[in-house]
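Fold and contact review
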Amino acid sequence: MKTQADLYRELPSVDELVRDPGVSDLADREGQSATADACRTVLAKLRSEIAAGHLDEAKLSLALSDLSSAVHAEVNHALSYSLRPVINATGVILHTNLARAPLAQDAIEHICDTAGEYSNLEFDLESGERGKRDVHVDRLFRKLLAEDNVGLRPTERAGAAVPTQPVKTGAEISTIVVNNNAAAVLLALNTLAEGGEAIVSRGELVEIGGSFRIPDVMAKSGATLREVGTTNRTRIGDYERAINEHTKLLLRVHRSNFEISGFTEQPSITELVALAHKHKLPLMEDLGSGALFDLRTVGINDEPGVLGSLRSGVHVVSYSGDKLLGGPQAGLISGREDLVKKMRSNSLFRALRVDKLTYAALEATLLAYVKRDYNAIPALRMMQMSKEEIARRAATVQQKIQSGEGAPSTRVELIDGESLIGGGSAPSAVLPTTLLSISCEQLSANELATRLRSSDPPLIARVEEGRVLLDLRTVFPAQDEVLTQILVRNATV
Ligand SMILES: *Cc1c(COP(=O)(O)O)cnc(C)c1O
């Protein structure tokens, strides 16, 4: 019997393997260095398998007889993209791990049009002089925020007193764009409260996924956090008592991803606005999602909108570009012109600003809002899709699977369920949907979900109570056919 040392000796050297006729054509096509790297990786894997005792003489000679295809596979893997499109069948519309909002077609085209050529990103075509990159989207935000029927706070729409100061029309509102909302909060706090205190309710000291914690961002901004109230109850008097000569800002944070219920109290925005006015302090609201359209049209009543917040007198709001807005990753700060101007001249802004691709995508997304073409924005289209329409699509998928071979071992049912808005919208922000429930005799739900994830393209599903659940709300209708084929291939063994 051969010893491990004998087995090692059977392995070719990297040079020999590169010159192998089955491999040398690969070097011509994909380059010498990528091919040599792949040879090294393949040989290293064999060496470690010999060391672990997984390869005897017979298995090794089998592996050696087909070394060139192992090298081909390794080169393909190394030279293929790691970032890939996936099919999101989780029903979570703004899924942070799955890249949040898919972009509108116009946004993609505008990126393509401008990315490969020079553009007037910071160039004023009229004067021929240096311009500001903000102008490309600021003009659209002004227009949108001047309109009177987008994203109002429902309670205020219902007739409650709405203070008229200090922001009256969108024309007085400026908007700047930074890398994400975390950066927006950092920039705003640093500009408005560095070296002083910012007052926040204890019930709003939130952590958003990916370790964005309000107290930590506050510390990095150079502002001191002044907590008031308790976890469940904070009154306007708590804010007022905390105001002193060091106070620079009142901050309200939207409780994006959790709810406090039961014995709770929170001052209204109207009360906070009045308090800020009385003490001549700026009031900022970190909205998180920051809808630019009226969510009540899809039955969601408790998400504050950007315009609603500004209309009720909040001086500055911050929100994400890739949450309810449905655009690219970005952080937006909209608010009173003088305050936003200060943020623009803060050197942090230079470090946090976004590139031409983001401006292109954002400009196109905002134009869809200006044209009221909400269906052009995939996230909004998904939100508006009815449960019946989803049920019809799901029934078609069900039929195709059940008529296929091997179908008897697979159970496909349609059941009622809920889609989630996600992306830091209230946990109660759910939409009724119809789910495809799949169970398979030979596979556990987790095994099936793993198979679906390793398909091409990867199909991401939910696993609940031993079943694989698919929600077609977040699947583009044009993907239904591919999704069906993936299910047929993997669930009907
Ligand atoms: C999501 C969210 C953030 C972070 O926004 P990103 O764009 O992910 O950086 C901050 N604050 C609130 C309230 C949020 O919901």
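Quantities reported herein were computed from a predicted structural model and do not represent experimental measurements.

Another aspect to go through is the overall build of the protein chain. In terms of helices and strands, the protein chain carries 21 helices and 18 strands. By principal-axis analysis of the C-alpha atoms, the protein chain measures approximately 90 × 55 × 50 Å. Evaluated residue by residue, the protein chain yields a buried proportion of 49% over its 493 residues. Within the protein chain, contacts between residues separated by at least 24 positions form 78% of all contacts whose residues are at least 6 apart in sequence. If you sum the accessible surface of the protein chain, you get close to 23,400 Å²; carbon and sulfur atoms cover 51% of it. If you average the places of the 55 positive and of the 65 negative side-chain charges in the protein chain, the two averages end up 6 Å apart.

A separate point is the packing of helix α4 (residues 32-51) against helix α6 (residues 67-78). Interaxial distance between α4 and α6 falls to 9 Å at its minimum, and their mutual angle equals 120 degrees. Classified by the angle their axes make, α4 and α6 are oblique. The two elements α4 and α6 meet at a crossing, and its hand is right-handed. Here A34, T35, A38, C39, T41, V42, L43, K45 and L46 of α4 lie close against α6, whose contacting residues are L67, A70, V71, E74 and V75.

Moving on: the site of the ligand. For the ligand, the full set of nearby residues is R100, N180, N181, A182, I208, F212, H254, S256, D286, G288, S320 and K323. R100 is positioned with one of its side-chain polar atoms (N or O) 2.9 Å from an oxygen atom of the ligand. Here an oxygen atom of the ligand and a backbone polar atom of N181 are 3.0 Å apart. Relative to its free-state accessible area of 380 Å², the ligand is covered by the protein chains to the extent of 94%. Here the residues of the shell around the ligand sort into 3 nonpolar, 6 polar and 3 charged.

Turning to its location among the elements, I300 is positioned in the loop between β11 (283-288) and α14 (306-311). Put simply, I300 and I333 are 33 residues apart on the chain and 24 Å apart in space, counted from C-alpha to C-alpha.

Attention now goes to the packing of aromatic side chains. As enumerated under the stated definition, the model contains 3 aromatic pairs in all. With a centroid separation of 6.5 Å and 75 degrees between ring planes, the pair formed by F141 and Y319 is classed as edge-to-face. A residue pair is termed long-range when its members are at least 10 positions apart, and F141 in helix α8 (residues 135-146) and Y319 in strand β12 (residues 316-320) qualify at 178 residues. Take Y319: its relative accessible area is 0%, and that puts it in the buried class. Among the aromatic residues, those joined into a ring-pair cluster are F293, Y369 and Y374.

Turning our attention to the nonpolar core. Ranked by size, the top nonpolar core spans 57 residues in total, and within it L292, Y369, M383 and I421 carry the most contacts. Looking at which element gives the most residues to this core, the answer is helix α17 (residues 356-370), with 6 residues. When near neighbours in sequence (up to four residues on either side) are disregarded, M383 contacts I93, F293, L295, V298, L324, I421, L431 and R473. Residues V178, A223, L251 and F349 belong to the second largest nonpolar core, which totals 31 residues.

To continue, consider the sheet that holds β12. Across the sheet, 7 strands lie side by side as β5-β13-β12-β11-β10-β6-β9; this open sheet has mixed pairing. Since the sheet does not close on itself, it has two edges, and those belong to β5 (173-178) and β9 (224-228), each with one partner. In this sheet, adjacent strand axes meet at a mean angle of 25 degrees when their direction is disregarded. Seen against the sheet, helix α13 (residues 269-278) touches β10 (247-253) and β11 and runs at an angle of roughly 170 degrees to β10. Lying on the sheet, helix α15 (residues 337-344) is in contact with β5, β12 and β13 (331-336); it crosses β13 at an angle near 135 degrees.

Taking 1.5 Å per residue as the helical rise, helix α10 (residues 181-193) with its 13 residues ought to reach 18 Å, and the 17 Å between its terminal C-alpha atoms agrees with that figure. Burial within α10 is extensive, with 12 of its 13 residues counted as buried. For α10, the set of buried residues is N181, A183, A184, V185, L186, L187, A188, L189, N190, T191, L192 and A193. One or two positions beyond α10, positive phi appears at G195, with a value near 80 degrees.

Turning our attention to the confidence of the model for the protein chain. When pLDDT is averaged along the protein chain, the result is 90; 93% of the residues meet or exceed 70. Scored below 50 in pLDDT, residues 149-167 shows 52 contacts in the model against residues more than four places distant or in partner chains.

Here the focus is unusual backbone geometry. Here the amide bond leading from D456 into P457 is cis, since omega sits at 0 degrees, within 30 degrees of zero. Looking at the secondary structure, you find P457 in the loop between α20 (445-453) and β16 (459-460). Even without being glycine, K280 reaches a positive phi, approximately 55 degrees. Note on placement: K280 falls in the loop between α13 and β11. For R372, which is not glycine, the phi torsion reads 55 degrees and is therefore positive. As for its placement among the helices and strands, R372 is situated in the loop between α17 and α18 (378-384).

Spatially, 5 strands are ordered β2-β14-β15-β18-β17 in an open sheet, and the strand pairing comes out mixed. Here the strands that pair on one side only, and so sit at the sheet edges, are β2 (92-94) and β17 (462-464). Averaged over neighbouring strand pairs, the angle between their axes works out to 35 degrees when direction is ignored. One ladder, built from 4 bridges, connects strand β15 (residues 430-440) with strand β18 (residues 467-471); its direction is antiparallel. Looking at β18, one finds that L435 is bridged to D471. Packed on one face of the sheet, helix α19 (residues 387-402) meets β14 (410-422), β15 and β18 and runs near 10 degrees to β15.

What follows deals with the pairing of β5. As a general feature of sheets, a regular strand has side chains that alternate between the two faces. Taking burial as the measure, the 6 residues of β5 include 6 buried ones, the bulk of the element. In β5, alternate side chains face the same way, and those of I173, T175 and V177 on one face and S174, I176 and V178 on the other are all buried. Of the strand pairs in this sheet, β5 and β13 are connected by 6 bridges, and their pairing is antiparallel. Bridging from a neighbouring strand, V178 pairs with G331 of β13.

Cut-offs and rules
- Residues numbered from 1 in each chain as written.
- Predicted model: local features only at pLDDT ≥ 70, side-chain atom pairs only at ≥ 80, totals over all residues.
- Heavy atoms only, no water.
- Helix = DSSP H or I, 4+ residues; strand = E, 2+ residues; numbered from the N terminus.
- Buried < 20%, exposed > 50% of the residue type's maximum accessible area, 1.4 Å probe, protein only.
- Contact = heavy atoms within 4.5 Å.
- Areas by Shrake-Rupley, 256 points an atom, 1.4 Å probe, with all protein chains shown as cover.
- Lys, Arg positive; Asp, Glu negative; His and termini not counted.
- Charge placed at Lys NZ, Arg CZ, Asp CG, Glu CD.
- Axes fitted to C-alpha atoms, helices over the stretch in contact; angles between N-to-C directions.
- Parallel < 35°, antiparallel > 145°, perpendicular 65-115°, else oblique.
- Left-handed = near helix turned anticlockwise from the far one by under 90°.
- Near = heavy atom within 4 Å.
- Polar contact = N/O pair within 3.5 Å; in protein donor to acceptor, adjacent residues only side chain to side chain.
- Nonpolar A, V, L, I, M, F, W, Y, C, P; charged D, E, K, R; others polar.
- Phe/Tyr/Trp six-rings, centres within 6.5 Å; stacked < 30°, edge-to-face > 60°.
- Core = buried A, V, L, I, M, F, W, Y, C linked by side-chain atoms within 4.5 Å.
- Pairing = 2+ DSSP bridges.
- Expected span 1.5 Å × (residues − 1).
- pLDDT = per-residue confidence, 0-100.

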